[in-house]
Amino acid sequence: MENFVPPNPDVAALVKYAESPVSYSSGSVQVSVPIYSLSSKNLSTNVSISYHGSSIRTRQEASSVGLGWSLQAGGVISRTVLGLPDEHPQGYQNKYGLFNTNDAASMLSAVNAGHDLQPDIYHYSFQGYSGKFFEKDNMNGNNNEKIKLDDNELKIIHNGPDSWTIIDPNGNKFVFEEIETGYYGVGGGGNASCTTAWLLSEVYSPNNILEFTYEYADQAVSHQLHHFAGTKFKVTNDQCPTMCGSTNGTGVCCEDINDNFDVINGTTNYKKLTDIIGAKKAIKFTYTNRETLEINGAVKLDKVQLMNSAGSEICHHELSYGYFGPSYQKLKLNQIQKIGASESEAPYIFDYTTDDVLDKATGSFDHWGYPNQNNASGLFPPSTVNELEQMFNGDQCFGFPARDPDSYSSQGMLEKVTFPTGGYEEFEWENHDYSSIVDPSQMVSSEYVNKMKTLTASNGQTDITHPFPIAPEYPIVKLELTSESTTPCDFGIPCRATVNIYKENELISTHQIIDTNSPDPDEQIIYINVAPESTFPHSSYKVELVLDNSNPTHEVDAVLTYHEMDPTSTVMKLTAGGCRIKSIST
């Protein structure tokens, strides 16, 4: 995370179509407002403003046409830098062959030497194509082979540091030679730079005729990228000589938790598309500065003009904006209207689920990065709180209740589009959910309910439950013990109670509470993982409460709280991050 370079928000909005293709099957929708199209004898290029309906992350920046919207014009190859840039002397392409990914010592040596262990990811989006790829290392004869992560039949050529060419199945060539660079540093540290995007600059037909040219203007912006970055590890004795140098005799020779809120202070050279030039017509884009603190120097697209060959306007589209609150942070597209030479059309009007969205500096986001109602100060559960307690109270698959998703994930989503004709579309959103197959013989599984087993014993008695199941997805149980006596036990021996937990009639856990004979009851809460090695989905459990000494005044209550599958339910649903479309009405 230290050297993560954020892309231009306009580029990020475009490549979202490569990362998360729009599909009703995944619950995402696309709203597209057509602007203009330029055509030649062999090719055409289209301009539109599109909304990608697949949730807004807390730290997501707004593009020049608003939060969730993208300007579909031209094209881009964008790079997500993971660790160091691939071409860096210590980067993936130059160091991959020097370490063995199957050998921990080799990997550790590579990390200590500062080698980059993973390739950068490239995304492309242009002329209806979107996808992603990475380059193999240039060692062992690989010669920077492109590994495509999609099914598009495209030929991708890396001409050099500042140039790419993509050839489509029809032989059309798309040249990307306008570059964006990012300057970054963490916590006030030293700066470095690399290319983060290559923008479409020229399009050639198969007979090598230049059909369209794309022109850009420089846009220098400065911003703070808020993010959490952290590591947490424990090193055991057999790894001490390598990792820590010594052992303290406890089996864990060193432990480290680095869980900090960091800020990347960055200056980035963005490019803004100003003109698309064809043989007979051109499209011109006009921007003004945003009235926002989101990114210093950021702009918004105010006007798109269709021009004739003499440079005179034929017609234009105007875009109107507001801002999502509460801190005037993120650009909100309100309407788009076509203005003709003699008359104007009614506008497209856009309404959203909320007027406010969470500030990007907040810690309120779930495991997937989408907004939630909790404000956590780090990535890990607080170290002062029993981790099993955190897991019991939260999502046990992830173990941090402050990161659980909720209905806030639909904040700022597009809710209604009113068309120039007067018609409209309304969108209703709901949380994603997920399920798992509990038993291989079943195709569905059940919802979970909280259950309790209560045992009571006194005067040396024993109490035991009947067998019961515990959901394997929720192996953490909560045991509450209360012990009370008004007189000491015989011979001055403390009154004790033991709780035994059995799985398939095998004792797996034992816990005791010692009565202090104080005026107030003695209480104890214990969180237990009852299935650390279990893969069998329907284990049977029993709980036994045993009082050791005979004392008429000694009474103990034991309450075990756990999760059980709800037999009345047919489908298990657990809430996941982000939202999906629930219904569309017109």
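Residues numbered from 1 in each chain as written. Predicted model: local features only at pLDDT ≥ 70, side-chain atom pairs only at ≥ 80, totals over all residues. Heavy atoms only, no water.

This part covers the overall build of the chain. Counting secondary structure elements, the chain contains 5 helices and 30 strands. Of the accessible surface of the chain, which amounts to about 27,800 Å², a share of 48% is contributed by carbon and sulfur atoms. (Helix = DSSP H or I, 4+ residues; strand = E, 2+ residues; numbered from the N terminus. Areas by Shrake-Rupley, 256 points an atom, 1.4 Å probe, with all protein chains shown as cover.)

Turning to the environment of G325, a few remarks are in order. Relative to the helices and strands, G325 resides in the loop between β16 (313-324) and β17 (330-339). Along the sequence, G325 and D356 sit 31 residues apart, while their C-alpha atoms lie 4.3 Å from each other. Non-local contacts of G325, meaning those with residues more than four positions away in its chain, are made with D355, D356 and V357. (Contact = heavy atoms within 4.5 Å.)

Taken in spatial order, the 3 strands line up as β1-β2-β3 in an open sheet, and their pairing is antiparallel. The open sheet has two edge strands, β1 (29-39) and β3 (69-72), and neither has a second partner. For this sheet, the mean angle separating the axes of adjacent strands, direction not counted, is 10 degrees. Where strand β2 (residues 44-53) lies against β3, 4 bridges are found, and the strand directions are antiparallel. Along β3, the bridge assignment pairs I49 with L71. (Pairing = 2+ DSSP bridges. Axes fitted to C-alpha atoms, helices over the stretch in contact; angles between N-to-C directions.)

As a further point, take helix α3 (residues 104-112). Every buried residue of α3 is listed here: S106, L108 and A110. Positive phi shows up at G114, right after α3, with a value of about 80 degrees. (Buried < 20%, exposed > 50% of the residue type's maximum accessible area, 1.4 Å probe, protein only.)

One non-glycine residue with positive phi stands out, namely S55, at about 80 degrees. Take S55: it is sitting in the loop between β2 and β3. Relative accessible area serves as the criterion here: at 1%, S55 is assigned to the buried category. Residues other than glycine seldom take positive phi values, yet N208 does so here, at roughly 70 degrees.

Our focus in this paragraph is the environment of Y51. Assignment of secondary structure puts Y51 in strand β2. Residues Y51 and G66, spaced 15 residues apart in sequence, show a C-alpha to C-alpha distance of 9.3 Å. A polar atom in the side chain of Y51 sits 3.0 Å from the backbone nitrogen of L414. (Polar contact = N/O pair within 3.5 Å; in protein donor to acceptor, adjacent residues only side chain to side chain.)

By size, the foremost hydrophobic cluster in this structure holds 65 residues, and its most contacted members are W69, F285 and F350. Ranked by the residues each element gives to this core, the list is headed by β1, at 6 residues. Contacts of F350, omitting those with residues within four sequence positions, involve V33, W69, L333, N334, Q335, I336, L414, K416 and V417. One finds L455, A531, L545 and Y562 within the second-largest nonpolar core, a separate group that totals 23 residues. (Core = buried A, V, L, I, M, F, W, Y, C linked by side-chain atoms within 4.5 Å.)

Taken together, the side chains of E484, D520, E523 and E555 define an acidic patch exposed on the protein surface. Take D520: it is sitting in the loop between β26 (506-514) and β27 (522-529). Accessibility expressed as a relative area gives 57% for D520, which makes it exposed. (Patch = residues over 30% accessible without salt bridge, like charges linked within 9 Å, V, L, I, M, F, W, Y side chains within 5 Å. Salt bridge = Lys/Arg side-chain N within 4 Å of Asp/Glu carboxyl O. Lys, Arg positive; Asp, Glu negative; His and termini not counted. Charge placed at Lys NZ, Arg CZ, Asp CG, Glu CD.)

Here we take up the packing of aromatic side chains. A complete count under the given rule lists 17 aromatic pairs for this structure. Ring geometry for Y122 versus W164: centroids 5.3 Å apart, planes at 55 degrees, classification tilted. Placement of the pair is Y122 in strand β5 (residues 121-126) and W164 in strand β9 (residues 163-167), with a sequence separation of 42 residues. With respect to burial, Y122 and W164 carry one shared label: buried. Ring plane angle 35 degrees and centroid distance 5.5 Å describe the contact between F126 and Y129, whose orientation is recorded as tilted. In textbook terms, an aromatic cluster arises when at least three aromatic residues are bridged by ring pairs, as seen for Y122, Y124, F126, Y129, F133, W164, F174, F176 and W198. (Phe/Tyr/Trp six-rings, centres within 6.5 Å; stacked < 30°, edge-to-face > 60°.)

As paired strands, β16 and β17 are joined by 9 bridges and run antiparallel to one another. Its bridge partner lying in β17, H317 is registered against K338. Alignment of β17 against strand β18 (residues 348-352), held across 2 bridges, turns out to be antiparallel. If you follow Q335 over to β18, its bridge partner there is I349.

A few words on the pattern of salt bridges. Overall, the coordinates contain 10 salt bridges when judged by the stated rule. One salt bridge connects D355 with K332, and the closest N-O pair in it is separated by 3.7 Å. With D355 in the loop between β18 and α5 (387-393) and K332 in strand β17, this pair connects stretches of sequence that are 23 residues apart. On the basis of relative accessibility, which here comes to 11%, the residue K332 falls in the buried class. For R496, the salt bridge goes to D548, with nearest N and O atoms at 3.3 Å. Taken together, the positions of R496 in strand β25 (residues 496-503) and D548 in the loop between β28 (540-547) and β29 (555-565) put the pair 52 residues apart, joining distant regions of the chain. For D548, a relative accessible area of 34% corresponds to the partly exposed category.

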